[in-house]
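Results of the structural survey
These are the residues of each chain, in order.
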Amino acid sequence: MTRTARTPVQAQLKFLADKDSPLLYVPSKGGGDQTEHLGNFATRTVEIHNAREELPSTSLDREGFMLTRHNSAVQDFYDDSQLDGIYHGEVAELLKDVTGAGHVEVFDDTRRSSSRALQRDRGIREPANIVHNDYTADSGARRLRDFFADRPEGLQQLGQRRFAIINVWRSIAGTVADQPLVMCDATTISDEDLVSVERRAEERTGEIQVALFNPLQRWYYFPDMRSDEVLLFKTFDSAVDGRTRFTLHSSFENPSAPGDAPARESLETRCLVFF
């Protein structure tokens, strides 16, 4: 298949404009509702580079993201029993192979679509459309404790080890032409770019990071991601030794996508990865 873009594209990303207003993130539940972003946000035109051309090799500990091939035995990614019985084991083995981790726990699956009709029919969420990272230094550690709340022996066994939260993102309906993920090279992010925001959901309250625009940030995407590829990106790392801990990302409207491009359908699986 011919790739849709061989050069950078100019696209709109939504950033936090300032820190003067109260900030709150209320995620959608799925089914056609929309995430609420309280605060002063503004769109900026950003150059988004073709990672297939410009970043043939990336690292989770450096740029914060990487693309890899992955064939799954799952026949229907909307079937929770197949995710539990097949996919989670596949993902755990993939992350062990890629990172050298000794243990992986899958703790969340989020399906999304850019089609409002599919959102309503499938009860799934919309693409995330602000620049953000899923965890802060505090909420990443809290997520570990919450996961093992009913298994204190697991926390005692694994809680002293370095761990990361890694997201595994894939298309579940063919090639993604529009609303792909865009990733910021973590080596171009300043600590001052990141702003902690309360994330208030029905099941728990936590924190995410949103971002202020910085012209030094460098943005990438992988055009035309297929169903046999996965994008891995690190949203938290307990290590404070200089390696990447957080990875800013968003979806974006791709100006190079064909007008009749099918709606994006994707699955994002979040994992606790222990070293």
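Everything discussed here concerns the structure shown above.
Residues numbered from 1 in each chain as written. Predicted model: local features only at pLDDT ≥ 70, side-chain atom pairs only at ≥ 80, totals over all residues. Heavy atoms only, no water.

Overview of the packing of aromatic side chains
As a reminder, the rule being used: A pair of Phe, Tyr and Trp rings is counted when the ring centres sit within 6.5 Å of each other, with Trp represented by its six-membered ring. The angle between the planes then sorts it: under 30 degrees is stacked, over 60 is edge-to-face, the rest tilted. Note on conventions: DSSP H or I runs of at least 4 residues are helices, E runs of at least 2 residues are strands, and numbering of each starts at the N terminus. Relative accessibility under 20% of the residue-type maximum defines a buried residue, over 50% an exposed one, and the middle range a partly exposed one, all with a 1.4 Å probe and only protein chains included. Placement of a positive charge over a ring is assigned whenever Lys NZ or Arg CZ falls within 6 Å of the ring centre and within 35 degrees of the normal to the ring plane.
All told, the structure shown has ten aromatic pairs when counted by the stated rule. Their ring planes at 45° and their centres at 6.4 Å tell us that Phe 65 and Tyr 220 sit as a pair that is tilted. Of this pair, Phe 65 sits in strand E5 (residues 65-69) while Tyr 220 sits in strand E12 (residues 219-221), and the two are 155 residues apart along the sequence. Accessibility classification places Phe 65 together with Tyr 220 in one group, the buried group. Ring geometry for Phe 148 versus Phe 274: centroids 6.3 Å apart, planes at 55°, classification tilted. Taken together, the positions of Phe 148 in the loop between helix H4 (137-147) and helix H5 (152-158) and Phe 274 in strand E15 (residues 265-274) put the pair 126 residues apart, joining distant regions of the chain. This pair shows no difference in class: Phe 148 is buried, exactly as Phe 274 is. When the ring centre of Tyr 78 is taken as origin, the NZ or CZ atom of Arg 122, which lies over that ring, is 3.8 Å away. Directly above the ring of Phe 275 sits Arg 162, whose terminal nitrogen or CZ lies 3.9 Å from the centroid.

A few points about the pairing of strand E13 (residues 229-237)
Inclusion rule: Any two strands with at least two DSSP-identified bridges between them are counted as paired.
Of all nine residues making up E13, nine are buried, and the element is well covered by its neighbours. Bridging between E5 and E13 involves five bridges; their strand directions are antiparallel. Bridge pairing in E13 places Arg 69 opposite Glu 229. Sheet analysis places strand E8 (residues 163-171) next to E13, joined by six bridges and oriented antiparallel. If you follow Ile 165 over to E13, its bridge partner there is Phe 236.

Re helix H2 (residues 80-99)
Condition: Two axes define the bend at a residue: one fitted to the seven residues ending there, one fitted to the seven starting there, and the bend is the angle between them. Residues count as neighbours in contact if any of their non-hydrogen atoms are within 4.5 Å of one another.
If you look at H2, its biggest bend is around 40°, right at Tyr 87. Taken residue by residue, H2 has Gln 82, Leu 83, Tyr 87, His 88, Glu 90, Val 91, Ala 92, Leu 94 and Leu 95 as its buried positions. On its buried side, H2 packs onto E5, strand E6 (103-113), E8, E13 and E15. Gly 100, located one to two residues past H2, shows a positive phi value of around 80°.

Concerning the environment of Arg 120
Mapped onto the fold, Arg 120 is located in helix H3 (residues 116-122). When the C-alpha atoms of Arg 120 and Gly 30 are compared, they prove to be 7.5 Å apart, with 90 residues separating the residues in sequence. Here Arg 120 is in contact with Gly 31 and Gly 32, once residues within four sequence places are set aside.

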